[in-house]
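# Architecture and fold: a report
These are the residues of each chain, in order.
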Amino acid sequence: MGKLFVISGSSGVGKGTVIKEFLQRHPEFKLSVSCTTRSPREGEVHGINYFFLSKDEFKSCIDNNEFLEWAEFSGNMYGTQKDYVKTKLAEGKNLILEIDTQGALNVKKIMPDAQLIFILPPSLEELEARLRGRHTETEEAIKKRLQTVKSEMENSKHFDFQIVNDSIENAVVNLEKVML
Ligand code: 5GP
């Protein structure tokens, strides 16, 4: 039986990069593929990045109780299928779910053995600087994002482990301590 890990963290924290680096070093781990109703971004492939479903398909999965958890963000739905997780764990794969904070806490309720890991920014100031450095968002959007991060950091208390992403190398080493 593989082990289940759930990794959350605020947007802009660089969790994607940390997870990618971890996976490169540890091929016995696999990133779970979620379902979503959002459209594929350039380069994204069905079955690799997400299972891209229509709204009707997604709704019928909800009705058939197929999701371990699901959530809606900015009009798009995201969910992790129970059967997918069960199959991968039975194959002996260590599975990583990269999902939002609330989704992570919902997984823990159903699968208490899952280890929840929260990736934190070194400080709110640094995160603010990173978000501004991207030059992709308005001042108002940045303020709103920082507010969300504050409440997510509050939620991180309910996670099993908190890892500060002060550098990718440190964060990966700390992930290894928790996951290997
Ligand atoms: P994106 O559209 O940028 O790929 O993802 C948006 C958000 O959806 C991210 O915060 C990501 O962690 C979250 N997400 C992706 N898959 C799932 C899922 O299966 N369940 C939940 N609750 N969130 C997910």
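Refer to the preceding data block for the structure.
A brief look at the structure comes next. (Residues numbered from 1 in each chain as written. Predicted model: local features only at pLDDT ≥ 70, side-chain atom pairs only at ≥ 80, totals over all residues. Heavy atoms only, no water.)

### Things to note about the pattern of salt bridges
Heads up, the condition is: The term salt bridge refers to a side-chain nitrogen of Lys or Arg lying within 4 Å of a carboxyl oxygen of Asp or Glu. A helix here means a DSSP run of H or I that spans at least four residues, while a strand means a run of E at least two residues long, and both kinds are numbered starting from the N terminus. Burial classes follow relative accessibility: with a 1.4 Å probe on protein chains only, a residue under 20% of its type's maximum area counts as buried, one over 50% as exposed, and anything between as partly exposed.
What the rule picks out here adds up to 10 salt bridges. A salt bridge links E21 to R25, with the nearest nitrogen and oxygen atoms 2.9 Å apart. Of this pair, E21 and R25 are both found in helix α1 (residues 15–25), 4 residues apart, which corresponds to roughly one turn of the helix. A salt bridge links K157 to E154; the shortest N-O distance between them is 2.6 Å. A relative accessible area of 57% places K157 in the exposed class. Among the residues examined, E154 registers a relative accessible area of 47% and is labelled partly exposed. Taken together, the shared-partner salt bridges in this structure form one network comprising E128, R132, E139 and K143.

### What to know about the packing of α1 against helix α7 (residues 168–179)
Our working rule: To get an axis, a line is fitted to the C-alpha atoms, and for a helix only the part in contact is used. The angle between two axes follows their N-to-C directions and goes from 0 to 180 degrees. Geometric relationships in this document are graded by angle, where less than 35 degrees denotes roughly parallel, more than 145 denotes roughly antiparallel, 65 to 115 denotes roughly perpendicular, and other angles denote oblique. For any helix crossing, the convention is left-handed if the near helix is rotated counterclockwise from the far helix by under a right angle, and right-handed if that rotation is clockwise. The contact definition used throughout considers only heavy atoms, calling two residues in contact when any of these lie within 4.5 Å. The classification used treats Ala, Val, Leu, Ile, Met, Phe, Trp, Tyr, Cys and Pro as nonpolar, Asp, Glu, Lys and Arg as charged, and all other residues, Gly among them, as polar.
Axis separation between α1 and α7 bottoms out at 9 Å; the angle between their running directions is 60°. By the angle between their directions, the pair α1 and α7 is classed as oblique. Viewed along their axes, α1 and α7 form a crossing whose handedness is right-handed. Mapping the contact onto sequence places T17, V18, E21, F22 and R25 in α1 and I168, E169, A171, V172, L175, E176 and M179 in α7. Partitioning the contact of α1 with α7 into residue classes produces 7 nonpolar, 1 polar and 4 charged.

### Quick notes on the sheet that holds strand β4 (residues 50–52)
Under the convention used in this document: For two strands to be treated as a pair, DSSP must find no fewer than two bridges joining them.
Pairing is mixed in the open sheet, where 4 strands are placed in the order β4-β3-β6-β5. Either end of the sheet is taken by a strand with one partner, and the two such strands are β4 and β5 (67–73). The average undirected angle you get between the axes of adjacent strands in this sheet is 25°. As defined by bridge partners, β5 adjoins strand β6 (residues 76–81) across 6 bridges and the pair is classed as antiparallel. Residue pairing in the sheet places A71 in a bridge with Y78 of β6.

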